[in-house]
Each structure stands twice: as C-alpha cells, then as structure tokens.
Amino acid sequence: MIVSENTLKWALSLYPPLLFQRIWVKKFHKGFMGVDVKISNSFLNRNYNGSIFGGTIYAATDPFYAILFDQLMQRKGYKCRVWLKSASIQYIKPGLSALYFTIKITEEMIAEAEAALNTEGKFVKAYPMELFNKKGELCATVMNEVYLRLKFPGEKQRVAI
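Everything numeric in this text was worked out from a predicted model, so none of it was measured. Along each chain, residues carry numbers from 1 onward, in the same order as the chain's sequence is written. pLDDT decides what is reported in this predicted model: residues at 70 or higher carry local features, side-chain atom pairs at 80 or more are listed and counted, and totals for whole chains, interfaces and linings draw on all residues regardless. Side-chain measures were taken over the full set of non-hydrogen atoms in the model, leaving aside hydrogen atoms and water.

Q: Kindly report on the sheet that holds strand 1 (residues 23-28), identifying the contributing residues and their values.
A: The rule for pairing is simple: two strands pair if DSSP sees at least two bridges between them. Only DSSP runs of H or I with at least four residues qualify as helices, and only runs of E with at least two residues qualify as strands; both kinds are numbered from the N terminus onward. Pairing is antiparallel across the open sheet formed by six strands, whose spatial order is 1-2-4-5-6-3. Either end of the sheet is taken by a strand with one partner, and the two such strands are strand 1 and strand 3 (80-91). Each strand of the sheet is rotated relative to its neighbour by a mean of 20°, with strand direction disregarded. Bridging between strand 5 (residues 122-133) and strand 6 (residues 138-150) involves eleven bridges; their strand directions are antiparallel. Within strand 6, the position partnered with Y127 by the bridge is N144. In the packing of helix 3 (residues 54-61) onto the sheet, contacts are made with strand 1, strand 2 (34-39), strand 3, strand 4 (99-104), strand 5 and strand 6, and the angle to strand 3 comes to roughly 145°. Think of each axis as a best-fit line through the C-alpha atoms, taken over the contacting stretch in the case of a helix, with angles from 0 to 180 degrees between the N-to-C directions. Throughout, a residue-residue contact means that at least one pair of heavy atoms, one from each residue, lies within 4.5 Å.

Q: Lay out the packing of aromatic side chains with the relevant residues and their values.
A: Here is the rule: rings of Phe, Tyr and Trp (six-membered ring for Trp) pair when centre to centre is within 6.5 Å. Planes less than 30 degrees apart are stacked, more than 60 are edge-to-face, and the remainder are tilted. By the definition in use, this model includes eight aromatic pairs. By the ring-pair criterion, three or more aromatic residues cluster together here, those being F28, F32, F64 and F101.

Q: Go over the pattern of salt bridges with me, naming the residues and quoting the values.
A: Whenever Lys or Arg places a side-chain nitrogen within 4 Å of a carboxyl oxygen from Asp or Glu, that contact is recorded as a salt bridge. Per the stated rule, a full pass over the model turns up three salt bridges. E137 is the partner of K93 in a salt bridge, and the nearest nitrogen-oxygen pair spans 3.4 Å. Remark: E137 occurs in the loop between strand 5 and strand 6 and K93 occurs in the loop between strand 3 and strand 4; sequence separation between them is 44 residues. Three labels apply to residues, based on accessible area from a 1.4 Å probe with only protein chains included: buried if under 20% of the type maximum, exposed if over 50%, partly exposed otherwise in between. For K93, a relative accessible area of 37% puts it in the partly exposed group. Judged by its relative accessible area of 29%, E137 is partly exposed.

The following block contains the structure:
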C-alpha cells in the first residue's frame, strides 16, 4: 500500500509494538529516501542497569530499511515482498539517555535493487546503522539484511499494520 510520509510516520509511531517500547518516528524524509527515529529511555523499556533494553534497540532498527525499500519500489511500479532477512547488533555503550538513528537511501542503492529485481527477481543486501545518544556518542551498530523479491503471479498483498 502506498501512503504518504506523514501518514506512515503516525501509523508507526502509534503502532503498539513501537509505541509501548517508546520508539518514535520523528520523520520520514521526502519521497521515503530516509527516516529519523528516536528511542526514549523510559520505565517501559529500561533494563536492570537503567539503560534502554537491548531488545528495544533491536526492535527499533528492525522495520525501517524494509519499509523504505517497500515504499520506494512500489512508487517505481514494482510489486515486491520486502522484509528484514537477518540482523546483527553490537552494543558499544549503554543507552542511558534517548538514542537516535537516521537511515538514508541513495539513488545508487535504489538502482542496485532495481537491477537485481530486473535480472534475478530478488535482491538481498546488508546495510549498516549507527545509534547515538544525546551527546552524539555511538552506542550501538546494527547490520540489517534486506530481502526483496518480485511477487509471484496471483500473490495477494498483505498488510501487517
């Protein structure tokens, strides 16, 4: 389903798995070329040590590359299945304050995905993410492997939200 940046921002910000973990979409960049996300440190997601629970950090990074690629490919006329195939995370410093991350999609990334879809029918690639605290200190790095494949004939659209 193609939606506007603002509609998806609010839908995801109010989506219970993100809302109750205090994961907030600050904004989707124009044309879904990126996203800015904030993870608040609250009693709902704080661990024994007072930092943001690692599972919350992991959950915050899970959907966004897939969502961005899905919206971008739909706008280019592709009918794809898009999801996160795998992820790995390295916790570098405790998230004692809010954490922030930005994802940016480049024209080269889109062209690479399109070329793979046009030749092989699928695209798989890992992309890095970095999460920073309020002071700008690196707290975690994540690698998300995105999987796109063309839909099979007759395959129905499914919407998770």
